[in-house]
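As a plain string of letters, each chain reads:
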Amino acid sequence: NAGVTQTPKFRILKIGQSMTLQCAQDMNHNYMYWYRQDPGMGLKLIYYSVGAGITDKGEVPNGYNVSRSTTEDFPLRLELAAPSQTSVYFCASSYSRDPGDFNTGELFFGEGSRLTVL
Amino acid sequence: QKEVEQDPGPLSVPEGAIVSLNCTYSNSAFQYFMWYRQYSRKGPELLMYTYSSGNKEDGRFTAQVDKSSKYISLFIRDSQPSDSATYLCAIPRGTSGSRLTFGEGTQLTVNP
């Protein structure tokens, strides 16, 4: 049972380069998320998706883009990488039955992608 | 004001100690409160969640909510070296509550 799979696990980018972080889940979850984690800063939501074809911004979306063409995949695109985007990126998924059903807050996380921009 | 705040530590205790981890939150309308545990170089995983006020116990772990002071706590009894991790409090936000706002996380080390 794979759960949430992120690739690559590590990547070094030069300033101005672009790349895509891949995320796939096999749990048939409708919600997917991208968070970034910086030391001592907790996790900050970048983008999230409530289903295929629907995405929305989180707290820190600038410099990133996402798409959700299938239930399983939620790639995160970094355009024109900057040193401020050096971080650990986590993809997560969850299942939500109904709006307002707050008892579905368990997120299942991948193991993270460590990105360094030099 | 941040929606949820947490003392980042680090916290270092001897094996067998009782550990208290704490968060404060800003909005009295919050009802669900969660604790995630994150081992080094791994993704967070749900440890416990509580609804409204009161205590919830699961083995050596107890989650407590004090809505009057907007304070949530996680207690670990008889702490073990395997409890060494970062603990993050989280509050569900958004229409379905599935978007989580996390505290900064407290790094705990339990020394044998």
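In this report, we go over the structure that sits alongside the text. Here the structure is a predicted model, which means the values were calculated and not measured.

## As for the pattern of salt bridges
Part 1: Inspection of every chain in the model, using the stated rule, returns 7 salt bridges over all chains.
Part 2: Arg77(A) is the salt-bridge partner of Glu79(A), the closest N and O atoms lying 3.1 Å from each other.
Part 3: Exposure remark for Glu79(A): the relative accessible area of 36% places this residue in the partly exposed category.
Part 4: On the basis of relative accessible area, Arg77(A) is assigned to the partly exposed category, the value being 32%.
Part 5: With a closest N to O distance of 2.8 Å, Arg60(B) and Asp83(B) form a salt bridge. With Arg60(B) in the loop between strand E6 (54-58) and strand E7 (61-66) and Asp83(B) in the loop between strand E8 (71-76) and strand E9 (85-93), the pair connects residues that are 23 residues apart, well separated along the chain.
Part 6: We classify Arg60(B) as partly exposed; its relative accessible area is 24%.

## Focus: the nonpolar core
Part 1: Counting 24 residues, the largest nonpolar core has Trp35(B), Ile72(B), Leu74(B) and Tyr87(B) as its most contacted members.
Part 2: Counting only elements with at least two residues in this core, the list comes to strand E3 (19-25), strand E4 (32-38), strand E5 (45-51), E7, E8, E9 and strand E11 (106-111) of chain B.
Part 3: The contact partners of Leu74(B), leaving out residues within four places of it in the chain, are Val19(B), Ser20(B), Leu21(B), Trp35(B), Leu47(B), Met48(B), Phe61(B), Thr62(B), Ala63(B) and Tyr87(B).
Part 4: Ile46(A), Leu76(A), Ala81(A) and Val117(A) belong to the second largest nonpolar core, which has 19 residues in total.

## Quick notes on the sheet that holds strand E7 (residues 64-66) of chain A
All names here are of chain A.
Part 1: Pairing in this open sheet of 4 strands is antiparallel, and the strands run E1-E3-E8-E7 from one edge to the other. The open sheet terminates on both sides in strands that have one partner only, identified here as strand E1 (4-7) and E7. The mean angle between the axes of side-by-side strands here comes to 20 degrees, regardless of whether they run parallel or antiparallel.
Part 2: Sheet topology places E1 next to strand E3 (residues 19-25); 4 bridges connect them, and they run antiparallel. Note that in E3 the partner of valine 4 across the bridge is glutamine 25.

## With respect to the environment of Tyr32(B)
Part 1: Here Tyr32(B) lies in strand E4.
Part 2: For Tyr32(B) and Arg93(B), which are 61 residues apart along the polypeptide, the C-alpha to C-alpha distance reads 9.4 Å.

## Overview of the pairing of E7(B)
Residue and element names in this part refer to chain B.
Part 1: Two strands pair when backbone bridges link them, and E6 and E7 are joined in this way by 5 bridges, in the antiparallel orientation. The partner of lysine 56 across the bridge, within E7, is alanine 63.
Part 2: The hairpin formed by E6 and E7 contains 2 residues between the paired strands, and glycine 59 there has a positive phi angle of roughly 65 degrees.
Part 3: With 6 bridges joining them, E7 and E8 adopt antiparallel strand pairing. Bridging across to E8, glutamine 64 finds its partner in serine 73.
Part 4: Adjacent in sequence and paired antiparallel, E7 and E8 are bridged by 4 residues, among which lysine 70 carries a positive phi angle near 55 degrees.

## Description of the packing of aromatic side chains
Part 1: For the coordinates displayed, the defined rule picks out 13 aromatic pairs over all chains.
Part 2: A centroid spacing of 5.5 Å and a plane angle of 85 degrees characterise the contact between Tyr35(A) and Phe102(B), whose relative ring orientation is edge-to-face. Here the residue Tyr35(A) occupies a position in strand E4 (residues 31-37), and Phe102(B) occupies one in strand E10 (residues 99-102), the pair thus bridging two chains.
Part 3: Aromatic rings pair up to connect Tyr31(A), Tyr33(A), Tyr35(A), Phe90(A), Phe109(A), Tyr36(B) and Phe102(B) into one cluster.
Part 4: Sitting over the ring of Tyr49(B), Lys56(B) keeps its end group 4.1 Å from the ring centre.

## A look at the sheet that holds E3(B)
All names here are of chain B.
Part 1: If you trace the 5 strands from one edge of the open sheet to the other, you get E1-E3-E8-E7-E6, paired in antiparallel fashion. Two strands lie at the open edges of the sheet, namely strand E1 (4-6) and E6, each paired on one side alone. Ignoring which end each strand starts from, the neighbouring axes of this sheet average 20 degrees apart.

## With respect to the pairing of strand E5 (residues 43-51) of chain A
Residues and elements named next belong to chain A.
Part 1: Summarising burial for E5: 7 of the 9 residues are buried, a large majority.
Part 2: Relative to E5, E4 runs antiparallel, the two sharing 6 bridges. Across the sheet, residue tyrosine 35 finds its bridge partner in E5, namely leucine 45.
Part 3: Connecting E4 to the next strand, E5, in antiparallel fashion are 5 residues, including glycine 40 with a positive phi near 70 degrees.

Each value, and the rule that gives it
Residues numbered from 1 in each chain as written. Chains lettered and ligands numbered in written order. Predicted model: local features only at pLDDT ≥ 70, side-chain atom pairs only at ≥ 80, totals over all residues. Heavy atoms only, no water. Salt bridge = Lys/Arg side-chain N within 4 Å of Asp/Glu carboxyl O. Buried < 20%, exposed > 50% of the residue type's maximum accessible area, 1.4 Å probe, protein only. Helix = DSSP H or I, 4+ residues; strand = E, 2+ residues; numbered from the N terminus. Core = buried A, V, L, I, M, F, W, Y, C linked by side-chain atoms within 4.5 Å. Contact = heavy atoms within 4.5 Å. Pairing = 2+ DSSP bridges. Axes fitted to C-alpha atoms, helices over the stretch in contact; angles between N-to-C directions. Phe/Tyr/Trp six-rings, centres within 6.5 Å; stacked < 30°, edge-to-face > 60°. Lys NZ or Arg CZ within 6 Å of the ring centre and 35° of its normal.

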